[in-house]
Amino acid sequence: MLKPYDDNYFMKRALQEAEQAYVKGEIPIGAVIVSNDQIIARAHNLTETLNDVTAHAEMQAITAAANYLGGKYLTKCTLYVTIEPCQMCAGALYWSQISKIVYGARDEQRGCISLNTKLHPKTTMTGGILENEAAHLLKKFFIEKRNLN
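Values in this document were obtained by computation on a predicted structure and should not be read as measured data.

Q: Teacher, can you tell me more about the pairing of strand β2 (residues 38-44) here?
A: A regular strand places its side chains on the two faces of the sheet in alternate fashion. The element β2 is extensively covered by neighbouring structure, given that 5 of its 7 residues are classed as buried. Taken together, the 6 bridges between strand β1 (residues 30-35) and β2 define a ladder with antiparallel strand orientation. Bridge pairing in β2 links Ser 35 to Gln 38. Once β1 ends, the chain turns through 2 residues before running back antiparallel as β2, passing Asn 36 with a positive phi of about 50 degrees.

So this is what it looks like as structure tokens:
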């Protein structure tokens, strides 16, 4: 039996969220949370809009998914995020007990892998899904930002 959707499908939805952040002048990172092949939360960075350093795409998605499910645990859920989660987001994902994290591009400097941040023992993580698209959008954003300053 074929799965109706795959990792590329959901990562494309996360990239659409990242594009929305880009248009708003936010660092273009997007996230979706999936349960039973259904997107239950969509989010993108809102740190500038909300003037809140914790308003990362992952944090916004965790809150939305928990509200949708009516509980704080995201077991049997998968997070698709365009860049490897930072230490703060990885900590929140740990406490949410999310089952799986799928990211696009690595964050060699601030990512949870580079910083050896622990995830929940039952959480699995996969990376490199639509990595080039995610990395390109981030590079484009920062090049434009530097040229404006």
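Q: Could you clarify how one ought to interpret unusual backbone geometry in this entry?
A: Phi is positive for Asn 36, close to 50 degrees, though the residue is something other than glycine. Mapped onto the elements, Asn 36 comes out in the loop between β1 and β2. Exposure remark for Asn 36: the relative accessible area of 74% places this residue in the exposed category. Here the phi dihedral of Asp 37 falls at roughly 60 degrees; this positive angle occurs in a residue that is not glycine. Looking at the secondary structure, you find Asp 37 in the loop between β1 and β2.

Q: What am I meant to see in the packing of aromatic side chains here?
A: Any pair of aromatic rings gets described here by the distance separating the centres and the angle formed by the planes. Scanning the entire structure with this criterion turns up 7 aromatic pairs. Arranged with centres 6.3 Å apart and planes meeting at 65 degrees, the rings of Tyr 22 and Phe 141 form a pair that is edge-to-face. In this pair, Tyr 22 sits in helix α1 (residues 7-23) while Phe 141 sits in helix α5 (residues 131-148), placing the two residues 119 residues apart along the sequence. For the pair shown, Tyr 22 and Phe 141 are each scored as buried. Taken together, a centroid distance of 5.1 Å and an interplanar angle of 75 degrees make the contact between Tyr 94 and Trp 95 edge-to-face. The class for Trp 95 is exposed, based on a relative accessible area of 64%.

Q: Help me understand helix α4 (residues 87-96) in this model?
A: An α-helical segment advances 3.6 residues per turn. Residues three or four places apart therefore align on the same side. Buried residues of α4: Cys 89, Ala 90, Ala 92, Leu 93 and Ser 96, and no others. Across the axial projection of α4, the buried residues extend over an arc of 160 degrees, all falling on one side. Where α4 is buried, its residues touch α3 (57-69), β3 (77-83) and β4 (100-105). Positioned one or two residues after α4, Gln 97 has a phi angle of 60 degrees, which is positive.

Q: What exactly am I supposed to notice about the side chain of Thr 78 here?
A: With respect to the element layout, Thr 78 can be found in strand β3. In this view, Thr 78 contacts Val 32, Ile 33, Val 34, Ile 98, Lys 100 and Val 102; residues no more than four positions away in its chain are not counted.

Q: What exactly am I supposed to notice about the sheet that holds β4 here?
A: The strands that make up a sheet are held in pairs by hydrogen bonds between backbone atoms, and each pair lies either parallel or antiparallel. Taken together, the 5 strands give an open sheet; going across it, the order is β2-β1-β3-β4-β5, and neighbouring strands pair in mixed fashion. Looking at which strands have only one partner, the edges of the open sheet turn out to be β2 and β5 (124-126). Across the sheet, the axes of successive neighbouring strands diverge by a mean angle of 15 degrees, strand direction being ignored. Here 5 bridges tie β1 to β3, and the two strands are oriented antiparallel to one another. Across the sheet, the residue bridging to Val 34 is Thr 78, located in β3.

Conventions we followed
- Residues numbered from 1 in each chain as written.
- Predicted model: local features only at pLDDT ≥ 70, side-chain atom pairs only at ≥ 80, totals over all residues.
- Heavy atoms only, no water.
- Buried < 20%, exposed > 50% of the residue type's maximum accessible area, 1.4 Å probe, protein only.
- Helix = DSSP H or I, 4+ residues; strand = E, 2+ residues; numbered from the N terminus.
- Pairing = 2+ DSSP bridges.
- Phe/Tyr/Trp six-rings, centres within 6.5 Å; stacked < 30°, edge-to-face > 60°.
- Arc of directions from axis to C-beta.
- Contact = heavy atoms within 4.5 Å.
- Axes fitted to C-alpha atoms, helices over the stretch in contact; angles between N-to-C directions.

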